[in-house]
Amino acid sequence: MADEIATIISSLGLSNEAFLAIVLLAFVVIGAIIVIVATRPILDVYPYLHPNARVRARKGRLFDEKQISELVEANNVEEITNYLRGSPDYAEYLDNYTLEKALDIQLGETYDLVSRMAPKEIQSSFKVMAKKSDIANIKSLLTAKEAGLSQEATEELLVPTGSLYEDLQRLTDVDTVTDVVAGLDGTEYAPILEEVLPEYEKTGMVLPLESALDKYYLDKLLASSETPSDENKQILYSYVGNQVDVANIKLILRAKVDGLDYDAISPYMIDSGYQLREWKLKDLMEAEDVTGVISSLEGTKYSEVLTDVLPEYNETGSVALFEQALDKFLVDSAKSYSMKKPLGIGPIIGFLSQKEVEVKNLKVIARAKREEDFPISKIREMLVWVMSLL
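Criteria and cut-off values
Residues numbered from 1 in each chain as written. Predicted model: local features only at pLDDT ≥ 70, side-chain atom pairs only at ≥ 80, totals over all residues. Heavy atoms only, no water. Helix = DSSP H or I, 4+ residues; strand = E, 2+ residues; numbered from the N terminus. Contact = heavy atoms within 4.5 Å. Areas by Shrake-Rupley, 256 points an atom, 1.4 Å probe, with all protein chains shown as cover. Patch = residues over 30% accessible without salt bridge, like charges linked within 9 Å, V, L, I, M, F, W, Y side chains within 5 Å. Salt bridge = Lys/Arg side-chain N within 4 Å of Asp/Glu carboxyl O. Lys, Arg positive; Asp, Glu negative; His and termini not counted. Charge placed at Lys NZ, Arg CZ, Asp CG, Glu CD. Buried < 20%, exposed > 50% of the residue type's maximum accessible area, 1.4 Å probe, protein only. Phe/Tyr/Trp six-rings, centres within 6.5 Å; stacked < 30°, edge-to-face > 60°. Lys NZ or Arg CZ within 6 Å of the ring centre and 35° of its normal. Expected span 1.5 Å × (residues − 1). Bend = angle between axes of the 7 residues up to and from the residue.

Novice: Would you explain the overall build of the protein in this entry?
Specialist: Broken down by element type, the protein carries 22 helices and zero strands. Restricting the contact set of the protein to residue pairs at least 6 apart, pairs at least 24 apart contribute 65%. Element-wise, carbon and sulfur atoms account for 54% of the exposed surface of the protein, whose accessible area totals about 20,100 Å².

Below you can see the structure in the form of structure tokens.
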């Protein structure tokens with residue numbers, strides 16, 4: 001055997017030392033490949049270790065189904081407020097703000113927290129989500145000035161979160177909607193609002209301005225996740241895409257209840273969509289009524305969700321039934337995504353989705369308790385119930 005190897009080396013014109021060097025180099029290359037293959041999963045997980053640890057710690061502070069049930073049984077808003085004082089998430093705000101504003105502040109700060117701690121590869125989408133606070137405050141300003149509210153009353157509507165809060169606070173003393181738009185000069189929202197300002201001036205309704213803000217947000221959100229290069233980004237794209245599709249469907253359903261046609265709806269649609277591309281959205285907008293919209297969704301994952309509640313809608317005429325079913329779909333989808341990547345983006349999506357549901361449910365309960373003798377059974381029907389997410 002040794003003689004055969006020596007013969008091969010000689011035939012290649014190599015010295016023994018050169019041959020040994022080549023063999024060693026081959027072993028080094030093979031070893032490096034093995035190390036890269038073995039450590040790649042660790043490198044993929046590493047950016048998520050710290051964010052997920054922080055998310056899981058905060059998830060432990062979310063209310064479970066039993067606690068939500070206890071709040072549903074509360075006698076009044078004061079009891080709910082006192083209950084929430086036992087939660088570190090809400091306690092610090094309840095001494096200075098109303099219950100609803102405390103909830104909005106906490107949710108806004110949650111968006112901001114997630115946007116700052118998310119790994120860089122997925123951070124852009126969560127930074128867009130954090131803009132919800134600024135957009136909500138801008139809408140409040142527009143509505144207040146259209147209603148002719150005073151500076152003090154307008155300030156009460158603003159929630160002290162978001163990157164533009166102080167700038168928007170300075171606009172509470174302006175007189176008109178047009179003044180608000182002018183005061184936003186230099187922000188990313190000014191061109192969006194300036195484009196539809198003539199429509200507001202023509203109709204006297206702030207709806208075109210609000211819809212333009214919603215469309216801008218959803219377009220930007222979908223664009224922030226459009227290049228899914230790995231599994232984490234693919235999950236993020238699906239999570240974001242579902243939100244865009246659901247927003248489009250809700251808009252179309254409400255428009256059909258109001259008897260609006262294609263020309264009235266189309267300016268406010270997010271044409272790129274996710275699963276519902278431009279041609280499908282056109283079909284939905286051209287449907288004659290709510291039943292036609294749902295029929296046109298056949299073959300999509302949204303069809304069954306809406307078909308299940310269609311009989312109840314036919315009895316009550318309440319489009320809120322569809323909206324609640326779509327909200328539940330988003331929560332269930334988030335839960336599914338969170339389980340697919342428990343060491344990656346999963347816990348972040350799961351936590352954020354469950355936090356949104358918690359705040360939404362608490363607002364529903366608070367509003368119901370402000371009404372005298374509001375049935376507990378009705379409150380339960382209005383809530384989005386969800387099992388614990390990762």
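Still more ground to cover, so stick around.
Novice: For this particular structure, what's the right way to read a negative patch on the surface?
Specialist: Together, E152, E155, E156, D173, D175 and D179 make up a negatively charged patch on the protein surface. With three residues, the top contributor of residues to the negative patch is helix α9 (residues 151–157). Relative to the helices and strands, E152 is located in helix α9. Of the residues examined, E152 reaches a relative accessible area of 64% and is grouped as exposed.

Novice: What am I meant to see in the packing of aromatic side chains here?
Specialist: Geometrically, a pair of aromatic rings is defined through the distance of the ring centres and the angle of the planes. Under the criterion given, the structure shown has six aromatic pairs. Residues F63 and Y83 carry aromatic rings whose centres are separated by 6.1 Å and whose planes lie at 70° to one another, so their mutual orientation is edge-to-face. Highlighted residues: F63 in the loop between α2 (16–59) and α3 (65–72) and Y83 in helix α4 (residues 77–84), separated in sequence by 20 residues. Relative accessible area serves as the criterion here: at 10%, F63 is assigned to the buried category. What makes Y83 partly exposed here is its relative accessible area of 29%. Seen from their ring centres, Y189 and Y216 are 5.8 Å apart, and the 80° between their planes marks the pair as edge-to-face. Here Y189 is found in the loop between α11 (177–183) and α12 (190–203), whereas its partner Y216 is found in helix α13 (residues 207–223), with 27 residues between them in sequence. In this pair, the class of Y189 matches that of Y216, namely buried. Through pairs of rings, three or more aromatic residues link up here, namely F63, Y83 and Y90. The ring of Y262 has K282 sitting right over it, with the charged end atom 5.7 Å from the ring centre.

Novice: Help me understand the pattern of salt bridges, please; the structure alone is not making it clear to me.
Specialist: Any two side chains of opposite charge can pair, given that their charged atoms come close. Applying the stated criterion across every chain, the model contains 21 salt bridges. One salt bridge connects K363 with D104, and the closest N-O pair in it is separated by 2.4 Å. A residue pair is termed long-range when its members are at least 10 positions apart, and K363 in helix α21 (residues 346–369) and D104 in helix α6 (residues 99–117) qualify at 259 residues. Look at K363 and you get partly exposed, because its relative accessible area is 22%. Accessibility expressed as a relative area gives 23% for D104, which makes it partly exposed. Between D214 and K139 there is a salt bridge, with the nearest N and O atoms lying 2.5 Å from each other. With D214 in helix α13 and K139 in helix α8 (residues 132–146), this residue pair connects regions lying 75 residues apart in the sequence. We classify D214 as partly exposed; its relative accessible area is 32%. Where salt bridges share partners, they join R61, D89, K355 and E358 into one cluster.

Novice: Even after reading the chapter, I still don't get α12, so can you show me in this structure?
Specialist: Along an α-helix, residues three or four positions apart point the same way, because every turn accommodates 3.6 residues. Here α12 spans 20 Å end to end across 14 residues, near enough to the 20 Å set by a 1.5 Å rise per residue. Approximately 45° is the largest bend angle found in α12, and it occurs at V196, with the proline P198 only one to four residues beyond. Buried residues of α12: A190, I192, L193, V196, L197 and Y200, and no others. Tucked into the core, α12 has its buried residues touching α8, α11 and α13. Just downstream of α12, G204 is the residue with a positive phi angle, here 75°.

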